[in-house]
Amino acid sequence: MSSPTRWAGRLLPLVLLVVWLAVGGGLGPYAGKLGEVATNDQAAFLPRSAESTRVIEAQRAFRQDETLPALVVWTAPGGSPIDAGQRSAATRALATLTGVPGVVGTPSPALPSEDGEALRGVVQLRPDLGEELAPTLGAIDRAASTVPGTTVWLAGPAATQADLSDAFAGIDGLLLAVALVTVLLILLLVYRSVLLPLVIILGAVFSLGLACAVVYVLADHDVLRVDGQVQGILSILVIGAATDYALLLAVRYREELARHERDRVPAMRAALRQSVGPITASAATVALGLLALLFSDLTNNRALGPVGAIGIVCAVLSALTFLPAVLVLLGRAAYWPAKPRSSETEGGGHGVWRRVAALVDRAPRKVWAATLAGLLACAAFAPALDSRGVPLDEIFVNDAPSVAAQQTLGRHFPGGAGNPAVVIAEAGALAEVTLAAEGVEGVDSATAVTASGRPGAGAPLVVDGRVRVDVTLADAADSDAAKDTVARLRTAVHAVPGAEALVGGYTAQRYDTQRTAERDRMLIVPVVLAIILVILVGLLRSLLLPLLLVATVALNFVATLGVSALVFEHVFGFTGTDSSVPLYGFVFLVALGVDYNIFLMSRVREESLRHGVREGVLRGLTATGGVITSAGVVLAATFAALGVIPLAFLVQIAFIVAFGVLLDTLVVRSLLVPALVRDLGRTAWWPGALSRRPEPDSPAA
């Protein structure tokens, strides 16, 4: 290499390093600021076209501001009855909250339960309190605690939202720290290098800072919404993806260094030439798979699509610019104390992969038949996974105060007390609508809202010719029985002539969310599979093999759901999963699972062009076995870190993705796919050129 070319080859990496250091220093703090523009108000993420969403819009005409109810419950120790003095004291305590910052209107009086052992009051709060919500609930608790001889419980949506905010408080610090430390330890143990793990982690942190900065700006300008769940998944996704892409390039560069001796720049050029295709194709499958969530009618799903895609773009940008620059500047020192060796001299890093390749070569049909049977056995349990929603008492995996309060409320009042279904109807049909609602099985009572803002206290409030009826359900507002009641309630009030009735409220929102999630799965799953298939066809220049790969990752997903159904019920004690969990699990597992098949089969194709299809499978599996397995372990560990956030949704996502990635890495990619391709031979590459190329040892060759 001439001196000017060599000088330019060393200057470009230095410039790239300076640019990324500036990005990391200037944008890194945004990884901790994203929570400032995140909202955990679940009402903001309802289906856009659902009936319950239209009710929210209609409700605004009945009061100037949307409110967030806090339910105050008093009980006496030992189940003693509440006396008249305690009831009066409770009503006075609630009255003192009028005018308290954050409180909207006048709190309700304290109402006794039918068993006489509890009191209940409702305090309406502003829904946009944010960090002021906890102090406001504290003020309510202090006022309520003045009632002598009682224990105070705070329940309802306001208390639940406060507990959600506490749970997501670990997103910025704890989650990121656990993920990074886990990745660092795995890399140190697997690659036995001092600098390489630190460089890879630094690149992942830089890419996360860039992604968070972009998302922060878009969220701050209301281009997209972010909640705690999306924020946590973004951190894990970027760290995991950036590490995976970096490992693939770093291992390939290590091989090229062994071939090019001390010439770093040609070694990196060769490594990039062979790695850019698989890395960008892998990133495209994940990014486009996530963008398919834009077809969802659930706003939080739609938010995760572009947010996740932004994260993937930043991860691949870091892996293809920052990492090459640092590796070129460090050269062999990046792998110290290990020495760079080619895959031919070190067997892909581990002799175990030579033995796996030998097994696949010796008995491919037995290997794929056995692994296929095992996956199908796991998949048989998939229908047992209940995705109709997580009950309120299972939303948090720890003992949240709002859950205990809600359970206390349910023991003394109708299950839907304080959280009614809301019916908006034409004023002329008020009597008929009320009568129809009261006749529905599962309804405890139905009362029109009056001018005072509370049911039953005066003449019905009429706004623009419409009235609002609050319907108290007999079952807990988050139960399946309550959702069934809402469905029956809608049928009943829709049948009232001229009522133009709409049914909303908390239970209706959960019901609509569940039905929308089912619709989303039916639409988005085939879209994601089609996107992945098109990318694989373009990358592998084949049709049969991409179909085979898509089928194997889909089977891996169903098998993972089967195992998850057993683990969730018998190990974690969950009675159900969030309605969005299967869709999230599908998008992540299928897109990320194809990643590893892309890494493997692009190398197999490369080796097959030189050595024939049979030898190409064995060489590709041996060369990539170590790096893909370590990448899978890293990705599984990063997603498992979501389990530190005490929310059932994230714990379920953490298990599904972590287990599914390991199953895909260790079984599907290591055994099933290579054995199928080895057994099919050239046919697997039909109708591409490889399907017509004779084997080197055949008479045609």
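This one's a predicted model, so the numbers in the text were calculated from it and none came from an experiment.

This paragraph deals with the overall build of the protein. Summing up its helical and strand segments, the protein has 22 helices and eight strands in all. Across the 701 residues that make up the protein, the buried fraction comes to 58%. Pairs at least 24 residues apart make up 81% of the contacts formed inside the protein by residues separated by at least 6 positions. Of the roughly 27200 Å² of accessible surface on the protein, a fraction of 61% belongs to carbon and sulfur atoms.

This paragraph deals with the nonpolar core. Among the nonpolar cores identified, the biggest contains 163 residues, and Tyr245, Ile312, Leu327, Phe588, Met601, Phe639 and Trp685 are the most heavily contacted of them. Not counting chain neighbours up to four residues away, the residues in contact with Trp685 comprise Leu540, Arg541, Ser542, Leu545, Met601, Val604, Arg605, Val613, Val677, Leu690 and Ser691. Counting 27 residues, the second-largest nonpolar core is a separate cluster that includes Leu129, Ile140, Ala144 and Val152.

This part takes up the pairing of strand β5 (residues 421–426). Two faces, one strand: in a regular strand the side chains alternate between the faces of the sheet. β5 sits mainly inside the fold: five of its six residues count as buried. Both β5 and strand β7 (residues 466–473) contribute to a ladder of six bridges, which runs antiparallel. Of the residues in β7, the one forming a bridge with Ile424 is Arg468. Examined bridge by bridge, β5 and strand β8 (residues 502–505) share four bridges and lie antiparallel to one another.

Time to look at empty space enclosed by the protein. Unfilled space is identified by rolling a water-sized probe across the atoms. This model, assessed by the stated rule, comprises three cavities of 30 Å³ or more. Approximately 140 Å³ is the volume attributed to the largest cavity. What lines the largest cavity is a set of 14 residues, among which Leu248, Arg252, Phe599, Arg603 and Thr624 lie closest to the centre. When contributions to the lining of the largest cavity are tallied by element, the ones reaching two or more residues are α9 (228–260), α10 (264–291), α20 (581–611) and α21 (613–640). Looking at the lining of the largest cavity residue by residue, the class counts come to six nonpolar, four polar and four charged.

Overall, antiparallel pairing links the four strands, which are arranged β2-β3-β1-β4 in an open sheet. Each edge of the open sheet is held by one strand with a lone partner, namely β2 (111–112) and β4 (151–155). Bridge count between β2 and strand β3 (residues 118–125): two bridges; the pairing is antiparallel. Across the sheet, Leu111 pairs through a bridge with Arg120, a residue of β3.

Turning our attention to unusual backbone geometry. Geometrically, the link from Trp686 to Pro687 is a cis peptide bond, its omega value of 0 degrees lying close to zero. Along the polypeptide, Pro687 turns up in the segment after α22 (648–680). For Glu500, which is not a glycine, the phi torsion comes out positive at approximately 50 degrees. Counting through the fold element by element, Glu500 comes out in the loop between α17 (480–494) and β8. When its relative accessible area of 58% is taken as the criterion, Glu500 is described as exposed.

Rules behind the numbers
- Residues numbered from 1 in each chain as written.
- Predicted model: local features only at pLDDT ≥ 70, side-chain atom pairs only at ≥ 80, totals over all residues.
- Heavy atoms only, no water.
- Helix = DSSP H or I, 4+ residues; strand = E, 2+ residues; numbered from the N terminus.
- Buried < 20%, exposed > 50% of the residue type's maximum accessible area, 1.4 Å probe, protein only.
- Contact = heavy atoms within 4.5 Å.
- Areas by Shrake-Rupley, 256 points an atom, 1.4 Å probe, with all protein chains shown as cover.
- Core = buried A, V, L, I, M, F, W, Y, C linked by side-chain atoms within 4.5 Å.
- Pairing = 2+ DSSP bridges.
- 1 Å grid on protein atoms, 1.4 Å probe; cavity = no way out; pocket = protein on both sides within 12 Å on 5 of 7 lines; lining within 4 Å.
- Points joined across faces, edges and corners; volume = space filled by probe spheres on them.
- Nonpolar A, V, L, I, M, F, W, Y, C, P; charged D, E, K, R; others polar.

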